[in-house]
Amino acid sequence: MESILGIIFHSIGGFSSGSFYMPFKKVKGWAWESYWIVGGLFSWLIVPPIAAYLTIPNFGEIISGMDSSVLNFTFLMGLLWGIGGLTYGLGVRYLGMSLGNSVVLGFCSAFGALVPAIYYDFNPTDGKTTFTDMLHSSGGQMVLTGVLVCIVGIAVLGRAGLLKEKSLTKEQKVASVKEFSLVKGLIIAIISGILSSFFNFGIEAGKPMADAAVASGNNPLFQNNVTYIIIMWGGLTTNFLWCMYLNFKNKTFGDYTNAKTPIVSNVLFSGIAGTMWFLQFFFYGMGESKLGNGASSWILHMATIILTANLWGLWLKEWKGVSAKAFRTFVIGIAIMMLSIFLVGIGNSM
């Protein structure tokens, strides 16, 4: 029953993340850096403490009483994850919703799923599954097979991107994705995918805070909400500095007060996007409390996001006009990603 609940929570979180970019498309007349940081203020600064207050009322006491080494390392993981989140926005900007999400989150799936287990091989911790444990158990082997299949799916989707670029004219590329650039987009997406996985490491680093939340009588289902506050501060720091730099460089500070743009609706839609961005982790935390923060938990979350994002990509007609071979390759890639979810689910149940 707990495994089923965990998968449900992961799916809800994945749907939220896969859909979060849509409200940004309603923002009019603002530069990317302007609406990105407004959304970020909601997802990294405003909503997390509200969620923590509603589920872990004593979160402030837990944070203030925590060892500084735990707080600092958790913040560092959030800082690195913040770079991944920042470049994620650029990856989707240059590759589109479908391909951008698939490449970014595919790499994020692989690194986020395996590196913690490898880390615990070198630093054994009670209750934590090591990579060696996974190699020597049938369930672990099935999960690792699912991760491998996920990586194959990434390669196939990358191939679909190459075929898409070859089959579209310059005008068609602009029509499907305004700033489509395969090489630039893939480089950024790979960097983003690797660094985005540090969110998973941040949960591990901040586990003493989650344990303290449970020990003080809070519902274990929401234990990660206190950890998220520190991780999100790290993400905010990275993104705020970069967006302020871009505002200065591009002379776009005026966006926030430009009466020629719909300021209220721009803030509203940016806020909705930011809130949806955080909700993925809110529900992921609930799923993680049931499944544990192992490879299966992380890859289920990421693969669900990939599926949702690609459904939005189809809705937005990002693959309109491509060759039959390119679209067929894209569909095969998605099918392989879904197979990886199935294999990980079986492995987790074993």
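Quantities reported herein were computed from a predicted structural model and do not represent experimental measurements.

(A) Layout of the overall build of the protein. On a plain count of helices and strands, the protein comes out with 16 helices and 0 strands. Buried residues in the protein amount to 56% of all 350 residues. Put simply, of all contacts in the protein between residues at least 6 apart along the chain, 84% involve residues at least 24 apart. When the accessible surface of the protein is summed, it comes to about 14800 Å², and 70% of that surface belongs to carbon and sulfur atoms.

(B) Representation of the nonpolar core within the structure. In terms of nonpolar packing, the biggest core is built from 40 residues, with Trp 36, Trp 81, Phe 199 and Tyr 228 touching the most fellow members. Going through the elements one at a time, helix H3 (32-55), helix H5 (68-95), helix H10 (182-196), helix H11 (198-205), helix H13 (225-249) and helix H14 (263-291) are the ones with two or more residues in this core. Formed by 13 residues, the second largest nonpolar core is a distinct cluster that contains Met 66, Leu 71, Met 209 and Ile 230.

(C) Layout of the environment of Asn 258. Topologically, Asn 258 is positioned in the loop between H13 and H14. On a C-alpha basis, the gap between Asn 258 and Trp 30 in space is 8.9 Å, while along the polypeptide they are 228 residues apart. Polar contacts involving the side chain of Asn 258 include one to the main-chain amide nitrogen of Lys 260, which spans 3.0 Å.

(D) Structural detail: the confidence of the model for the protein. Across the protein, pLDDT averages 79, with 73% of residues at or above 70. Predicted confidence in the protein is weakest over helix H1 (residues 2-19), with a mean pLDDT of 43, and strongest over helix H4 (residues 59-64), with 95. For residues 1-18, every residue scores under 50 in pLDDT, and the model assigns this stretch 45 contacts once sequence neighbours within four places are set aside.

(E) Region of the structure containing the side chain of Asn 58. Relative to the assigned elements, Asn 58 resides in the loop between H3 and H4. Accessibility expressed as a relative area gives 18% for Asn 58, which makes it buried. Setting aside chain neighbours within four positions, we find Asn 58 in contact with Ser 216 and Asn 218.

(F) Just the packing of H3 against H13, in detail. Closest axis-to-axis distance for the H3/H13 pair is 9 Å, and the angle between their directions is 165°. In terms of axis orientation, H3 runs roughly antiparallel to H13. Considering only the axes of H3 and H13, their crossing is left-handed. Looking at the contact of H3 with H13 residue by residue, the classes come out as 19 nonpolar, 7 polar and 1 charged.

(G) Looking closely at H3. Over its 24 residues, H3 extends 33 Å from the first C-alpha to the last, a length consistent with the 34 Å expected when each residue adds 1.5 Å. Bending of H3 peaks at approximately 45° at the position of Val 47, with proline Pro 48 no more than four residues after it.

(H) Quick look at the packing of aromatic side chains. In this structure the tally under the stated criterion is 18 aromatic pairs. A ring pair is formed by Trp 81 and Phe 281, whose centres lie 5.6 Å apart and whose planes are at 85°; its orientation type is edge-to-face. Of the two residues, Trp 81 is situated in helix H5 and Phe 281 in helix H14; the sequence distance between them amounts to 200 residues. Its relative accessible area of 3% is what places Trp 81 among the buried residues.

(I) Quick look at the environment of Ser 43. Along the chain, the position of Ser 43 falls in helix H3. Not counting residues up to four positions away in its chain, the partners in contact with Ser 43 are Pro 48, Met 232, Gly 274, Trp 277 and Phe 278.

(J) Layout of a nonpolar patch on the surface. On the surface, Leu 41, Leu 45, Ile 46, Ile 50, Tyr 53, Leu 54 and Trp 233 cluster together into a nonpolar patch covering about 690 Å² of accessible area. Per element, the largest residue contribution to the nonpolar patch is 6 residues, and it comes from H3. Structurally, Ile 46 can be placed in helix H3. Its relative accessible area of 36% is what places Ile 46 among the partly exposed residues.

(K) View of unusual backbone geometry. The phi angle at Lys 251 is positive, at roughly 55°, despite the residue not being glycine. Tracing the sequence through the fold places Lys 251 in the loop between H13 and H14. Lys 251 gets classed as exposed once you look at its relative accessible area, which sits at 73%.

The rules we used
Residues numbered from 1 in each chain as written. Predicted model: local features only at pLDDT ≥ 70, side-chain atom pairs only at ≥ 80, totals over all residues. Heavy atoms only, no water. Helix = DSSP H or I, 4+ residues; strand = E, 2+ residues; numbered from the N terminus. Buried < 20%, exposed > 50% of the residue type's maximum accessible area, 1.4 Å probe, protein only. Contact = heavy atoms within 4.5 Å. Areas by Shrake-Rupley, 256 points an atom, 1.4 Å probe, with all protein chains shown as cover. Core = buried A, V, L, I, M, F, W, Y, C linked by side-chain atoms within 4.5 Å. Polar contact = N/O pair within 3.5 Å; in protein donor to acceptor, adjacent residues only side chain to side chain. pLDDT = per-residue confidence, 0-100. Axes fitted to C-alpha atoms, helices over the stretch in contact; angles between N-to-C directions. Parallel < 35°, antiparallel > 145°, perpendicular 65-115°, else oblique. Left-handed = near helix turned anticlockwise from the far one by under 90°. Nonpolar A, V, L, I, M, F, W, Y, C, P; charged D, E, K, R; others polar. Expected span 1.5 Å × (residues − 1). Bend = angle between axes of the 7 residues up to and from the residue. Phe/Tyr/Trp six-rings, centres within 6.5 Å; stacked < 30°, edge-to-face > 60°. Patch = residues over 30% accessible without salt bridge, like charges linked within 9 Å, V, L, I, M, F, W, Y side chains within 5 Å. Salt bridge = Lys/Arg side-chain N within 4 Å of Asp/Glu carboxyl O.

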